[in-house]
Amino acid sequence: MSRYAHDRDEARRAMSGAPFSVLRLGHRKGRDPRITTHLALVSRALGADQFLLAGDKDDDLFNNVASVNERFGGAMSCEHITGSMGWLKRFVQSDAGDGEPGVAVHLTMYGEPYREVIPRIRRDRPIVVIVGGAKVPGDVFKYANYNVAVGNQPHSEVAALALFMEAWHGEGGTERHFPNARLTIEPSARGKTVHDKADESEE
Ligand code: SAM
């Protein structure tokens, strides 16, 4: 990554430095591991600070994310939560982790267009973006500050999250630099160029 891109990335973080979390509802350990892992990887790659899992506990999934962090850097943490609606109510009404309310954005095909909503969302408070599972409790619509659609057609939670986060961060939102990365990929038109800090430190 160029020095300019790195500085721009840091500046963007400083401007919108409030913690960004993703909450995945209704995870089923036996049935959803792949799609929920993809949600966690998109969250990490596009700059989330925390990935919250409701539904089944899944240590394999969390270990998978930790292994990606170890190799490619970043510090997104993962946490399993119980009582997701109680958690959400507290987050939006009283305590987003610092004793003040946060902002909850629910991704749903029934919501308002995401590009119209994003400019209205305050950026100075912790935000949680909620993605549903097989069944979405009706209370999510009530507690969320914004019910947001990425098009009003049913599709994928992974696609909805990626498009929302790209729009939230603006142009270049997918270009993330993780300072503690062991492996970094040098973009190339053909082939795979990967730098391994461990090899370089031996030289
Ligand atoms: N059957 C579920 C329900 O009760 O609504 C929805 C299943 S859908 C595959 C899973 C999740 O993908 C949804 O809860 C939502 O978060 C996300 N999703 C799917 N299509 C979307 C869209 N057009 N806009 C925003 N989010 C969407």
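For the structure given in this document, a descriptive report is provided here. (Residues numbered from 1 in each chain as written. Predicted model: local features only at pLDDT ≥ 70, side-chain atom pairs only at ≥ 80, totals over all residues. Heavy atoms only, no water.)

## Details of the site of the ligand
Next, step 1: Neighbouring residues of the ligand: 16 residues in total, closest Leu 107, Gly 132, Val 150, Gly 151 and Gln 153.
Next, step 2: Burial of the ligand by the protein chains amounts to 76% of its free accessible area of 570 Å².
Next, step 3: Of all elements in the fold, only strand 4 (103-113), strand 6 (146-149) and helix 7 (157-169) reach the threshold of two or more residues within the shell around the ligand.
Next, step 4: By residue number, the principal contributor to the shell around the ligand is strand 4, which donates 3 residues.
Next, step 5: Residue composition of the shell around the ligand, by class: 9 nonpolar, 6 polar and 1 charged. (Near = heavy atom within 4 Å. Areas by Shrake-Rupley, 256 points an atom, 1.4 Å probe, with all protein chains shown as cover. Helix = DSSP H or I, 4+ residues; strand = E, 2+ residues; numbered from the N terminus. Nonpolar A, V, L, I, M, F, W, Y, C, P; charged D, E, K, R; others polar.)

## Quick look at the nonpolar core
Next, step 1: Ranked by size, the top nonpolar core spans 32 residues in total, and within it Phe 20, Val 105, Ile 121, Leu 161 and Phe 164 carry the most contacts.
Next, step 2: Counting residues per element, this core draws most heavily on helix 7, which supplies 6 residues.
Next, step 3: Among all residues touching Val 105, those that are not within four sequence positions of it are Ile 121, Ile 127, Val 128, Val 129, Ile 130, Tyr 146, Val 148 and Phe 164.
Next, step 4: Counting 16 residues, the second-largest nonpolar core is a separate cluster that includes Leu 25, Leu 88, Ala 96 and Val 140. (Core = buried A, V, L, I, M, F, W, Y, C linked by side-chain atoms within 4.5 Å. Buried < 20%, exposed > 50% of the residue type's maximum accessible area, 1.4 Å probe, protein only. Contact = heavy atoms within 4.5 Å.)

## Examining helix 7
Next, step 1: Counted at 1.5 Å a residue, the expected span for helix 7 with its 13 residues is 18 Å, and the 18 Å between its end C-alpha atoms agrees.
Next, step 2: The complete set of buried residues in helix 7 reads Val 158, Ala 160, Leu 161, Phe 164, Met 165, Trp 168 and His 169. Angularly, the buried residues of helix 7 cover 160° about the axis, an arc narrow enough to put them on a single face.
Next, step 3: One side-chain oxygen at the N-terminal end of helix 7 lies 3.0 Å from the backbone nitrogen of Val 158; it belongs to Ser 156.
Next, step 4: Looking at the residues trailing helix 7, positive phi occurs at Gly 170, about 80°. (Expected span 1.5 Å × (residues − 1). Arc of directions from axis to C-beta. Polar contact = N/O pair within 3.5 Å; in protein donor to acceptor, adjacent residues only side chain to side chain.)

## Examining the environment of Ala 75
Next, step 1: Counting through the fold element by element, Ala 75 comes out in the loop between helix 3 (59-72) and strand 3 (77-81).
Next, step 2: Classification of Ala 75 as exposed rests on a relative accessible area of 68%.
Next, step 3: Considered as a pair, Ala 75 and Arg 44 are 31 residues apart in the sequence and their alpha carbons are 8.2 Å apart.
Next, step 4: In this structure, Ala 75 is in contact with Asp 49 and Asn 69, ignoring residues within four places of it in sequence.

## A few points about a nonpolar patch on the surface
Next, step 1: A cluster of nonpolar side chains, Tyr 110, Val 136 and Phe 141, forms an exposed patch at the surface whose accessible area comes to about 310 Å².
Next, step 2: For Val 136, the location among the structural elements is in the loop between strand 5 (127-131) and helix 6 (139-143).
Next, step 3: We classify Val 136 as partly exposed; its relative accessible area is 35%. (Patch = residues over 30% accessible without salt bridge, like charges linked within 9 Å, V, L, I, M, F, W, Y side chains within 5 Å. Salt bridge = Lys/Arg side-chain N within 4 Å of Asp/Glu carboxyl O.)

## Considerations on the sheet that holds strand 2 (residues 50-55)
Sheets are built from strands that pair by backbone hydrogen bonding, the pairs being arranged parallel or antiparallel.
Next, step 1: Taken together, the 6 strands give an open sheet; going across it, the order is 3-2-1-5-4-6, and neighbouring strands pair in parallel fashion. The sheet is open, and its two edges are formed by strand 3 and strand 6, each paired on a single side. Taken pair by pair, the neighbouring strands of this sheet meet at an average axis angle of 30°, ignoring direction.
Next, step 2: As paired elements, strand 2 and strand 3 share 5 bridges and run parallel to each other. (Pairing = 2+ DSSP bridges. Axes fitted to C-alpha atoms, helices over the stretch in contact; angles between N-to-C directions.)

## Structural notes on the pattern of salt bridges
Oppositely charged side chains can pair when the atoms bearing their charge come close.
Next, step 1: For the structure on display, the rule yields 11 salt bridges.
Next, step 2: For the salt bridge of Lys 57 with Asp 59, the shortest nitrogen-to-oxygen distance reads 3.6 Å.
Next, step 3: Given a relative accessible area of 45%, Asp 59 falls into the partly exposed group.

## Quick look at the environment of Ile 121
Next, step 1: Along the chain, Ile 121 falls in the loop between helix 5 (114-117) and strand 5.
Next, step 2: Taking C-alpha positions, Ile 121 is 8.9 Å from Val 105, a pair spaced 16 residues apart along the chain.

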